[in-house]
Amino acid sequence: MTIQELQKTVDEWIKTYGIRYFSPLTNLAQLTEEVGEAARILSRRYGEQSAKPAEDLSDEKLGDELADVLWVVTCLANQTGIDLTRAVEQNIRKKTARDKERHKNNPKLQA
């Protein structure tokens, strides 16, 4: 699925099942919640925090939480008229121009 197809699919789902988009501020709160759920899994899998009994830290659960993040980002883009394909392409060009040597020359990243 392309980013453009994702935006169309989410828009069609919202119009069919969701009635309408939540407000951008509600979606921002939802995004924060979803990022927090992904962060919980990552902090327990790779950080110092231990998992609670029976807490699901599986790849499937992490993938689901990351998909929730992508869903809300897509909703925000759709409702604000952002073409995510164009925005991502521009962002990659920006990062490439700005950082093409930066990370190569960072002694903190040298193995």
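Residues numbered from 1 in each chain as written. Predicted model: local features only at pLDDT ≥ 70, side-chain atom pairs only at ≥ 80, totals over all residues. Heavy atoms only, no water.

Q: Break down helix H1 (residues 3–18) for me, citing the residues and quoting the values.
A: When we look at burial in H1, the residues that qualify are Leu 6, Gln 7, Val 10 and Ile 14. Around the axis of H1, the buried residues are gathered within 100 degrees of arc, so they sit on the same side. Exposed residues pointing more than 90 degrees away from the buried face of H1 are listed as Gln 4, Lys 8, Lys 15 and Thr 16. Among the structural elements, helix H3 (59–80) and helix H4 (84–99) are those in contact with the buried residues of H1. Backbone geometry just after H1 places Ile 19 at a positive phi near 70 degrees. (Buried < 20%, exposed > 50% of the residue type's maximum accessible area, 1.4 Å probe, protein only. Helix = DSSP H or I, 4+ residues; strand = E, 2+ residues; numbered from the N terminus. Arc of directions from axis to C-beta. Contact = heavy atoms within 4.5 Å.)

Q: An account of the packing of helix H2 (residues 24–46) against H3 is needed here, citing residue identities and associated values.
A: With their axes 9 Å apart at the nearest point, H2 and H3 run at an angle of 160 degrees to one another. In terms of orientation, H2 lies roughly antiparallel with respect to H3. Both H2 and H3 take part in a crossing whose hand is left-handed. Between H2, through Pro 24, Asn 27, Leu 28, Gln 30, Leu 31, Glu 34, Val 35, Glu 37, Ala 38, Ile 41, Leu 42 and Arg 45, and H3, the contact on the second element is made entirely by Asp 59, Lys 61, Leu 62, Glu 65, Leu 66, Asp 68, Val 69, Val 72, Val 73, Cys 75, Leu 76 and Gln 79. Broken down by class, the residue content of the contact of H2 with H3 amounts to 14 nonpolar, 3 polar and 7 charged. (Axes fitted to C-alpha atoms, helices over the stretch in contact; angles between N-to-C directions. Parallel < 35°, antiparallel > 145°, perpendicular 65-115°, else oblique. Left-handed = near helix turned anticlockwise from the far one by under 90°. Nonpolar A, V, L, I, M, F, W, Y, C, P; charged D, E, K, R; others polar.)

Q: Which residues make up the layout of surface pockets, and what values do they have?
A: Put simply, the largest pocket is a space of about 180 Å³. Lining the largest pocket we find 13 residues, and of these Ile 14, Phe 22, Asn 27, Trp 71 and Cys 75 sit closest to its centre. Examining the composition of the lining of the largest pocket, we find that 4 residues originate from one element, H3, more than from any other. Looking at the lining of the largest pocket, its residues break down into 7 nonpolar, 3 polar and 3 charged. (1 Å grid on protein atoms, 1.4 Å probe; cavity = no way out; pocket = protein on both sides within 12 Å on 5 of 7 lines; lining within 4 Å. Points joined across faces, edges and corners; volume = space filled by probe spheres on them.)

Q: Provide a residue-level description of a nonpolar patch on the surface, including the pertinent values.
A: On the surface, a cluster of nonpolar side chains totalling about 220 Å² of accessible area is made up of Ile 3, Val 88 and Ile 92. Structurally, Ile 3 can be placed in helix H1. (Patch = residues over 30% accessible without salt bridge, like charges linked within 9 Å, V, L, I, M, F, W, Y side chains within 5 Å. Areas by Shrake-Rupley, 256 points an atom, 1.4 Å probe, with all protein chains shown as cover. Salt bridge = Lys/Arg side-chain N within 4 Å of Asp/Glu carboxyl O.)

Q: So what about the pattern of salt bridges? Which residues, and what values?
A: Taken as a whole and judged by the stated rule, the model has 8 salt bridges. Residue Arg 102 is joined to Asp 99 by a salt bridge in which the shortest nitrogen-to-oxygen separation is 3.1 Å. Owing to a relative accessible area of 10%, Asp 99 belongs among the buried residues under this scheme. Of the charged contacts, one joins Lys 104 and Glu 101 as a salt bridge, the two residues approaching to 4.0 Å between their closest N and O atoms. The partly exposed category is assigned to Glu 101, whose relative accessible area is 42%. Because the salt bridges share partners, they merge into one network encompassing Arg 98, Asp 99 and Arg 102.

Q: I'd love a proper account of the packing of aromatic side chains, names of residues and values included.
A: Taken as a whole, this structure holds 2 aromatic pairs when the rule is applied. Between Trp 13 and Tyr 17, the aromatic rings sit 5.5 Å apart at their centres with planes inclined by 45 degrees, giving tilted as the arrangement. You can see Trp 13 and its partner Tyr 17 sitting in helix H1, 4 residues apart, about one turn around the helix. Summarising the aromatic geometry, the rings of Trp 13 and Trp 71 are spaced 5.3 Å apart at their centres and angled 85 degrees between planes, so their arrangement reads as edge-to-face. Of the two residues, Trp 13 is situated in helix H1 and Trp 71 in helix H3; the sequence distance between them amounts to 58 residues. Overall, the relative accessible area of 39% leaves Trp 13 in the partly exposed class. Taken together, the ring pairs in this structure connect Trp 13, Tyr 17 and Trp 71 into an aromatic cluster. (Phe/Tyr/Trp six-rings, centres within 6.5 Å; stacked < 30°, edge-to-face > 60°.)

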